[in-house]
Amino acid sequence: MATAQSQTLLRVQSVTALSSQTSEQTTARVSPQVSRSDITARRAYVGGPARRSANVTLKNRSAIQRTHREVVAPQAALAEPAPSTSNMEQLRFLTPEIAESIRNAHGTPAYAYDLASLQKQAASALAFPNAFGLTVRYAMKSSPNAAILKVFHNMGLHIDASSGFEVRRAMAAGIPAENISLSSQELPEFFPELVQAGAKINACSLTQLERFGQAFPGAEVGVRFNPGVGSGGTGKTNVGGPSSSFGIWYELLPQVQEIVAKYDLKVVRIHTHIGSGSDPAVWQKVSGMSLDLCREFPDVVALNLGGGYKVGRMNYEQSTDVSVVGVPVQEAFEAFATETGRELKLEIEPGTFLLANCGSLVCTIQDVVTTGAEGHTFLKLDSGMTEVLRPSLYGSQHPIVILPTGREHDGSTTPYVVVGHCCESGDLMTPADGEPEVLAPRELTTTQVGDLCIVEGSGAYCSAMSTKNYNSFPEAPEVLVGTSGDIHLIRKRQPDTEIYHNEVPLPENLL
């Protein structure tokens, strides 16, 4: 056994080293030719004193004001250039008429999801190349509305949950417990009730595995490993490698086996996941490494390779072709079966892939302000980080489409910085790519107060990950657009009284 473990670890280490080189080469190909000092200066000065970072020492405010003209404008030019008018983003599934109908019926901001697009993406995921069977688990953290869960359930998808509360939520939506798999940073105290209901658990740490063994000796369990490499659009979406706490570090394989033996557990699933925006080459190599881990557990019947398929939201961004990425994975499973006689089932956990471009945020332009000839023209939405946090958090790019309302439009465009409605300088909808603190004016249809604004690519990790209730803004409604353009409300707008409903008054004699 010790020799087999050593061979597995050596194979994993070699893949890790090779994958790290691949990631570094990929980074070198796509990174802009901007020095670290340029980035620091850009973060410090773009947007002027009102958007200064901690890198600016304010001992001499007048000095900063004197250099404002020399520094701010040149540094702002370092941001990604605005696209030409011929490359402006277009509506994905909404029409101006449907968008206006949503505003009239439910107000703005409001999320809209397209049923036909959801079904199309689900069908694409179900066609992922596989050798001996496939389970597609929807990563419900990307958008957990019960209506969306039911759409995917009816298409034959299972559920990947990231917390015990998500498991409860999915069950409340009518998803059978046996179709739900839990891989969580926090194994809840109530996990036994989930297991007893039929939910599957993947232990994501040695502590979790120990707790599971204590509660269910002799039971079946899954184990999530950190394969030693990661791949993500940013460090915040990378869930593999030495800088990630997700999963059990692959070199701790002997300790995993000790706990399994201690409680007579039966490991039936191996789970690995390297992060959002996966480099296909890294993803393929990790599948081979994951199969090596399966060799160490003779009862494994399924290998879960997670999700993280890159989806291009902007019209210049590329998307992962799962039919291409899946072919070498299928071949690896077939080779493993030939060698070992074991036919493993494949599991994948798409979230962004299924939902990103199937959702739009319908907003209204509520103000237009300027900071002068050498500054910017700002569009203020009646939305922002309270609905779409990704730009403020990651510097993510979302397509923005302006729909002039109640007037003819001459086709003119204007460079705008689009911001949200929160009293927060970081509530920015058009940051530079990957630089959430850098303003990046975007060429958009010339607009005025009252026009509609559609933030595309808002299906995944928007409603679910928003800073709702910040500044006491209520949770926005959600609608599902049917195949005939019919609009179905799937979440009501939150009454403002519910925001503070759970607050408890102090005793009168305390103050």
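Position numbers for residues start from 1 in each chain and track the written sequence from start to end. Local features in this predicted model are restricted to residues whose pLDDT is 70 or higher, and side-chain atom pairs enter the listing and the counts only when it is 80 or higher, whereas totals over whole chains, interfaces and linings include all residues. Excluded from the side-chain calculation are hydrogens and water; included are all heavy atoms of the structure.

### Side note on the overall build of the protein chain
Here is step 1 of the chain: Helix numbers and strand numbers start at the N terminus; a helix is a DSSP run of H or I with at least 4 residues, a strand a run of E with at least 2. Regarding its fold elements, the protein chain presents 15 helices and 20 strands.
Here is step 2 of the chain: When the 511 residues of the protein chain are sorted by exposure, 51% land in the buried category.
Here is step 3 of the chain: The long-range fraction of contacts in the protein chain, counting pairs at least 24 apart against all pairs at least 6 apart in sequence, stands at 73%.
Here is step 4 of the chain: Element-wise, carbon and sulfur atoms account for 51% of the exposed surface of the protein chain, whose accessible area totals about 22,600 Å². Buried, partly exposed and exposed residues are distinguished by accessible area as a fraction of the type maximum, computed with a 1.4 Å probe on protein chains only: under 20%, between the cut-offs, and over 50%, respectively. Residue contacts follow a heavy-atom distance rule, with two residues in contact if any of their heavy atoms lie within 4.5 Å. All accessible-area figures derive from a Shrake-Rupley calculation using a 1.4 Å probe, and residue coverage is judged against the displayed protein chains alone.

### A closer look at the environment of Leu 428
Here is step 1 of the chain: Mapped onto the fold, Leu 428 is located in the loop between strand E14 (413-419) and strand E15 (431-432).
Here is step 2 of the chain: On the basis of relative accessible area, Leu 428 is assigned to the buried category, the value being 1%.

### So, the nonpolar core
Here is step 1 of the chain: In this description, a nonpolar core means a group of buried Ala, Val, Leu, Ile, Met, Phe, Trp, Tyr and Cys residues linked to one another through side-chain atoms lying within 4.5 Å. Tyr 138, Phe 152, Leu 209, Phe 212, Phe 225, Ile 270 and Phe 297 are the most contacted members of the largest nonpolar core, which has 91 residues in total.
Here is step 2 of the chain: Element by element, the count of residues in this core is highest for helix H11 (residues 280-295), at 5 residues.
Here is step 3 of the chain: Residues within four places of Phe 225 in sequence aside, it is in contact with Gly 247, Ile 248, Trp 249, Tyr 250, Leu 253, Val 256, Ile 270, His 271, Thr 272, Leu 293 and Phe 297.
Here is step 4 of the chain: Among the nonpolar cores identified, the runner-up in size contains 14 residues, and Leu 94, Ala 99, Ala 112 and Val 479 belong to it.

### Quick look at the pattern of salt bridges
Here is step 1 of the chain: A pairing counts as a salt bridge when a side-chain nitrogen of Lys or Arg comes within 4 Å of a carboxyl oxygen of Asp or Glu. Applying the stated criterion across every chain yields a total of 11 salt bridges.
Here is step 2 of the chain: The closest approach of N and O atoms between Glu 339 and Arg 295, which form a salt bridge, is 2.8 Å. With a gap of 44 residues between them, Glu 339 in helix H12 (residues 322-340) and Arg 295 in helix H11 connect regions that are remote in the sequence.
Here is step 3 of the chain: Classification of Arg 295 by relative accessible area gives partly exposed; the value is 29%.
Here is step 4 of the chain: Here Arg 491 and Glu 475 are joined by a salt bridge, their closest N and O atoms 3.2 Å apart. Of this pair, Arg 491 sits in strand E20 (residues 487-491) while Glu 475 sits in the loop between strand E18 (452-455) and strand E19 (478-481), placing them 16 residues apart in sequence.

### Remarks on helix H6 (residues 146-154)
Here is step 1 of the chain: Among the residues making up H6, those that are buried are Ile 148, Leu 149, Val 151 and Phe 152. Axial view of H6: buried residues confined to an arc of 160°, hence all on one face.
Here is step 2 of the chain: On its buried side, H6 packs onto strand E1 (110-114), helix H5 (115-126), strand E2 (134-139), strand E3 (158-161), helix H7 (164-172) and helix H13 (352-355).
Here is step 3 of the chain: A 3.5 Å cut-off defines polar contacts: any pair of N or O atoms within that distance qualifies, except that in protein one atom must be a possible hydrogen donor and the other a possible acceptor, and neighbouring residues in sequence count only when both atoms are side-chain atoms. Where H6 begins, the side chain of Asn 145 points an oxygen toward the backbone nitrogen of Ala 147, at a separation of 2.8 Å.
Here is step 4 of the chain: After H6 finishes, the residue Gly 156 shows a positive phi value of roughly 100°. Along the arc lie the directions from the helix axis toward the C-beta atoms.

### Brief notes about the packing of helix H9 (residues 206-215) against helix H10 (residues 253-262)
The geometry of a pair of packed helices is captured by two quantities: the angle between their axes and the separation between those axes.
Here is step 1 of the chain: Direction vectors running N to C along H9 and H10 enclose 5°, while the axes themselves pass 9 Å from each other. As the angle between them shows, H9 and H10 are arranged roughly parallel. Here Leu 206, Leu 209 and Glu 210 of H9 lie close against H10, whose contacting residues are Gln 255, Val 256, Ile 259, Val 260 and Lys 262.
Here is step 2 of the chain: For the contact of H9 with H10, a count of residues per class yields 5 nonpolar, 1 polar and 2 charged. Note on definitions: angles span 0 to 180 degrees between N-to-C directions of axes, and those axes are lines fitted to C-alpha atoms, for helices only across the stretch in contact. Each angle is binned into one of four classes, with values under 35 degrees roughly parallel, values over 145 roughly antiparallel, values of 65 to 115 roughly perpendicular, and all other values oblique. When residue character is reported, Ala, Val, Leu, Ile, Met, Phe, Trp, Tyr, Cys and Pro are called nonpolar, Asp, Glu, Lys and Arg charged, and the others, Gly included, polar.

### Focus: the confidence of the model for the protein chain
Here is step 1 of the chain: Confidence of the prediction at every residue is given by pLDDT, a number between 0 and 100. Counting all residues, the mean pLDDT for the protein chain is 84, and 78% of those residues have values of 70 or more.
Here is step 2 of the chain: Confidence over residues 17-85 falls short of pLDDT 50; this stretch has 76 contacts with residues more than four positions distant or in other chains.
Here is step 3 of the chain: Every residue in residues 230-240 scores below 50 in pLDDT, and together they form 38 contacts with partners more than four places removed in sequence or on other chains.

### Thoughts on H9
Here is step 1 of the chain: Every buried residue belonging to H9 is among Gln 208, Leu 209, Glu 210, Phe 212 and Gly 213, and all of these are buried.
Here is step 2 of the chain: Considering only its buried residues, H9 is in contact with helix H8 (191-197), strand E5 (200-203), strand E6 (220-226) and H10.

### Regarding the environment of Val 455
Here is step 1 of the chain: Along the chain, Val 455 turns up in strand E18.
Here is step 2 of the chain: Judged by relative accessible area, Val 455 falls into the buried class, the value being 0%.
Here is step 3 of the chain: With 95 residues separating them along the chain, Val 455 and Ser 360 place their C-alpha atoms 5.8 Å apart.
Here is step 4 of the chain: Residues within four places of Val 455 in sequence aside, it is in contact with Ser 360, Leu 361, Cys 363, Leu 381, His 398, Pro 399 and Met 429.

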